[in-house]
Amino acid sequence: MQRAKYVLSEVMVGLWRNVTMTIAMIITMAVSLAMLGASGLMYLQVNSMKDFYYDQIEVAIFLNNDVTDQQRTAVDEALKGDPLVAQVIYESKAQAYEKFKTMYADAPDLVNAVKPGQLPESFRVRLKNPEQFEQINEKYKNNEGVETIVDQQRLLDKIFNILGAVQNMALLAASIMAIAALLLVGNTIQVAAYSKRREVAVMKLVGASNWFIQAPFVLEAVVAGIIGSIIAFIGLVLGKWFLLDGSLRDLTELLTPLGWGDVLLMFPLMAGAGALVSAVTAWVTLRFYLRV
């Protein structure tokens, strides 16, 4: 019990002794962990969007303006009898126009510029396997009455590639900040060990174990890492509250919603990463500096 009290008291003294460096270490750790948490949330968000949108993928087969009833019927029957097709929905020019008006209700000038008969009729086809678009394209691209075939997955892949690039940039920035945090942790522990070099020498002479000498320094780094993770988590909560649920609410509704459960999931990840990285960095620094 006395040893535990001594270690805890030394942790508090160590944090306060180099308060400016401790604050710098905590802030750098908080920024790094916040970016790590944000990239983790982005990863979960992108995966959620993929699961949602890929499940809704359709192949749009647009018909010519002068398509005949016979040509339309032939395409319809071929699609409904195709083993690759799970569902076929016919969309007339009138239905396409109504959908267009609904989608662009916030842009009345655009809606007024389009006449009801200008949008082509089409078949909305859902495949049993979305990866088989090329087979469908080869089958129907030369059919009479077919103007063009559009695969939504290709459009979505471009969007997800952009989101993936943003995700990688966030991870890279978090890694750079993590390196800065590690250097600060190592430097802070080294300064703390230097300021207590005489006490450490005496403890070694009287036979104190290695873990007893190292424990206050390692715990000092761990406490700083945990405080940084708490600050980072508060930052994520505020970002979710004021940005995603506030000014960017319309954008997040267009995407799949980000739940509070995902945000809460990031705290143990950030706290664990902050504590573990800080502890390992402090231990390695002490091994090289104190030679214990």
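Source: prediction; values computed, not measured.

Peer 1: Outline the pattern of salt bridges, supporting the account with residue identities and numerical values.
Peer 2: Under the definition given, this model contains nine salt bridges. Across the salt bridge formed by K139 and D82, the nearest N and O atoms sit 3.2 Å from each other. Placement of K139 in helix α6 (residues 133-140) and of D82 in the loop between α3 (69-80) and β2 (85-91) is noted, with a sequence separation of 57 residues between them. Here E91 and K99 are joined by a salt bridge, their closest N and O atoms 2.7 Å apart. Owing to a relative accessible area of 38%, K99 belongs among the partly exposed residues under this scheme. Via salt bridges that share partners, D69, R72 and E121 belong to a single interconnected network.

Peer 1: Explain the packing of aromatic side chains to me, and be specific about the residues and the numbers.
Peer 2: Within this structure, the stated rule accounts for three aromatic pairs. Geometrically, the ring pair formed by Y90 and F123 is tilted, given 5.4 Å between the ring centres and 55° between the ring planes. Taken as a pair, Y90 in strand β2 and F123 in strand β3 (residues 122-127) lie far apart in primary sequence, 33 residues in all. Exposure remark for Y90: the relative accessible area of 34% places this residue in the partly exposed category. Note on F123: relative accessible area 1%, which makes it buried. Taking NZ or CZ as reference, K240 lies 5.4 Å from the ring centre of W260, over its face.

Analysis parameters
- Residues numbered from 1 in each chain as written.
- Predicted model: local features only at pLDDT ≥ 70, side-chain atom pairs only at ≥ 80, totals over all residues.
- Heavy atoms only, no water.
- Salt bridge = Lys/Arg side-chain N within 4 Å of Asp/Glu carboxyl O.
- Helix = DSSP H or I, 4+ residues; strand = E, 2+ residues; numbered from the N terminus.
- Buried < 20%, exposed > 50% of the residue type's maximum accessible area, 1.4 Å probe, protein only.
- Phe/Tyr/Trp six-rings, centres within 6.5 Å; stacked < 30°, edge-to-face > 60°.
- Lys NZ or Arg CZ within 6 Å of the ring centre and 35° of its normal.

Purely geometric numbers; function is a separate question.
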